[in-house]
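# Close look at the chain arrangement
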Amino acid sequence: DAGITQSPRHKVTETGTPVTLRCHQTENHRYMYWYRQDPGHGLRLIHYSYGVKDTDKGEVSDGYSVSRSKTEDFLLTLESATSSQTSVYFCAISSGLAGDTGELFFGEGSRLTVL
Amino acid sequence: GDSVTQMEGPVTLSEEAFLTINCTYTATGYPSLFWYVQYPGEGLQLLLKATKADDKGSNKGFEATYRKETTSFHLEKGSVQVSDSAVYFCALKDNFNKFYFGSGTKLNVKP
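Residues numbered from 1 in each chain as written. Chains lettered and ligands numbered in written order. Predicted model: local features only at pLDDT ≥ 70, side-chain atom pairs only at ≥ 80, totals over all residues. Heavy atoms only, no water.

## Brief notes about the overall build of chain A
This is how it is decided: Comment: elements are numbered from the N terminus, with helices defined as DSSP H or I runs of at least four residues and strands as E runs of at least two. Every radius of gyration here is taken over C-alpha atoms, with the globule rule written as 2.2 Å times N^0.38, N being the number of residues. Burial here depends on accessible area, computed with a 1.4 Å probe over protein chains only, as a share of the maximum for the residue type. Under 20% is buried, over 50% is exposed, and the range in between is partly exposed. The contact criterion used is simple: two residues touch if any of their non-hydrogen atoms lie within 4.5 Å. Methods summary: accessible areas were calculated by the Shrake-Rupley approach with a probe of 1.4 Å, and residue burial reflects only the protein chains presented. The positive count covers Lys and Arg only, the negative count covers Asp and Glu only, and His and the chain ends enter neither. For this purpose, a charge sits on NZ of Lys, CZ of Arg, CG of Asp or CD of Glu.
Helix and strand content of chain A: zero helices and eleven strands. Ordered by position in the sequence, the α and β elements of chain A form the string β-β-β-β-β-β-β-β-β-β-β. Radius of gyration (C-alpha) of chain A: 14 Å, near the 13 Å computed for a compact globule of 115 residues. Dimensions of chain A along its principal axes, counting C-alpha atoms only, are 45 × 30 × 25 Å. Per-residue burial over chain A gives 48% buried out of 115 residues. For chain A, long-range pairs separated by at least 24 residues make up 55% of all intrachain contacts whose partners lie at least 6 apart in sequence. Carbon and sulfur atoms make up 48% of the accessible area of chain A, which totals about 5,500 Å². Computing the positive centroid from 11 side-chain charges and the negative centroid from 14, chain A places the two 4 Å apart.

So, in structure tokens, the structure goes:
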């Protein structure tokens, strides 16, 4: 199994509070991603990173920010959580190397509830 | 932008029935195509992939062929088992290594 750890795995918070989710990898992969999974919407890309300090927006980036100061860590921050951000968040990694499988490896998910 | 559309579920089949889950895509470049599977309470895992037109991906009895002319990547299995019950996601990877997913199709297989 790919070495991806998400924390926390479960969190309940209140509207307006800041929340940070952490993704840690031990694979030294270049690309890291944050997705959210909601019923009827599948997985939607929030932000992704193609290297240290290099990030780009995904389909649903409003209300989220990210940071990647080290290869192994990718942080997702909700500056002021809203109920619409209640979701399951998945981190994923990919090596992006030419000739590899091009596969995404997923973490186990973080369930966030905003009351 | 790039996108993936897959058939809505749930799909309910009896054991040993034939499975087809339709997937079509829109892409500006030359994407790679994937099927991922998610078992209850778990993250997604790769089922199969195809990197160019006419490639056929296969794994665990599942198959899908990359059809550029119809922009499709339909998932098929000749004889499903109860253990195949899961949610299946079609996905594409663009030239910038971004992955886009369909909305998922839940498969229920009854004994």
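## Looking at the packing of aromatic side chains
In plain terms, the rule: Paired rings are identified among Phe, Tyr and Trp, the last through its six-membered ring, by centres lying within 6.5 Å, and are further divided according to the angle between planes into stacked (under 30 degrees), edge-to-face (over 60) and tilted (the rest).
As enumerated under the stated definition, the model contains 16 aromatic pairs over all chains in all. Ring centres of A:F90 and A:F106 lie 6.3 Å apart, and the angle between their planes is 85 degrees; on these two criteria the pair is classed as edge-to-face. Taken together, the positions of A:F90 in strand 9 (residues 87-94) and A:F106 in strand 10 (residues 105-106) put the pair 16 residues apart, joining distant regions of the chain. The class of A:F106 is buried, set by a relative accessible area of 12%. An aromatic cluster is built from A:Y31, A:Y33, A:Y35, A:Y48, A:Y50, A:F90, A:F106, B:F34, B:Y36, B:F99 and B:F101, whose rings are joined through pairwise contacts.

## Overview of the interface of chain A and chain B
Selection criterion: Whenever Lys or Arg places a side-chain nitrogen within 4 Å of a carboxyl oxygen from Asp or Glu, that contact is recorded as a salt bridge. As used in this structure description, the phrase polar contact means that two N or O atoms lie within 3.5 Å; if the pair is within protein, one of them must be able to donate a hydrogen and the other to accept it, and residues adjacent in sequence are counted only when both atoms belong to side chains. Side-chain classes follow a simple rule in which Ala, Val, Leu, Ile, Met, Phe, Trp, Tyr, Cys and Pro form the nonpolar group, Asp, Glu, Lys and Arg form the charged group, and the remainder, Gly included, forms the polar group.
The interface is formed by 22 residues belonging to chain A together with 18 residues belonging to chain B. Applying the counting rule to chain A against chain B returns one salt bridge. Taking the shortest distance from any N to any O, the salt bridge between A:D56 and B:K98 comes out at 3.6 Å. Linking chain A to chain B there are seven residue pairs in polar contact (both at pLDDT 80 or more). At the level of elements, strand 4 (31-38), strand 5 (42-51), strand 6 (54-57) and strand 9 of chain A are the ones that each hand at least two residues to the side of chain A that touches chain B. Considering only residue class, the side of chain A that touches chain B consists of nine nonpolar, nine polar and four charged.

## A word on the sheet that holds strand 9 (residues 75-77) of chain B
Residue and element names in this part refer to chain B. Let me state the cut-off plainly: For two strands to count as paired, DSSP must find a minimum of two bridges between them. In this description, a line fitted to the C-alpha atoms serves as the axis of each element, helices being fitted only across the stretch in contact, and the angle between N-to-C directions of two axes falls anywhere from 0 to 180 degrees.
Reading across from one edge, 3-9-8-7 is the order of the four strands in this open sheet, with antiparallel pairing throughout. Each end of this open sheet is capped by a strand with a single partner; those strands are strand 3 (19-21) and strand 7 (56-59). Within the sheet, the average angular offset between the axes of one strand and its neighbour, ignoring direction, is 15 degrees.

## Here we look at the side chain of B:T105
Residues and elements named next belong to chain B. Secondary-structure assignment places T105 in strand 12 (residues 105-110). A distance of 2.9 Å separates a polar atom in the side chain of T105 from a polar atom in the side chain of Q6. Setting aside anything within four residues of it in sequence, one finds T105 in contact with Q6, M7, E8, G9, V11, I21, A86, V87 and Y88.

## Structural notes on unusual backbone geometry
For the bond from A:S7 to A:P8, the omega torsion is -10 degrees, close enough to zero to count as cis. By the secondary structure assignment, A:P8 is in the loop between strand 1 (4-7) and strand 2 (10-13). Note the cis peptide between B:G9 and B:P10, where omega equals 0 degrees. Here the phi dihedral of B:N97 falls at roughly 70 degrees; this positive angle occurs in a residue that is not glycine. Residue placement: B:N97 occurs in the loop between strand 10 (86-93) and strand 11 (99-101). A relative accessible area of 8% means that B:N97 is categorised as buried.

## What about the environment of B:S14?
Residues and elements named next belong to chain B. Locating S14 in the fold gives a position in strand 2 (residues 11-14). The class for S14 is partly exposed, based on a relative accessible area of 46%. Sequence separation of S14 and V109 is 95 residues, and the distance between their C-alpha atoms is 5.4 Å. Non-local contacts of S14, meaning those with residues more than four positions away in its chain, are made with V80, V109 and K110.

These figures come from the coordinates and say nothing about function on their own.
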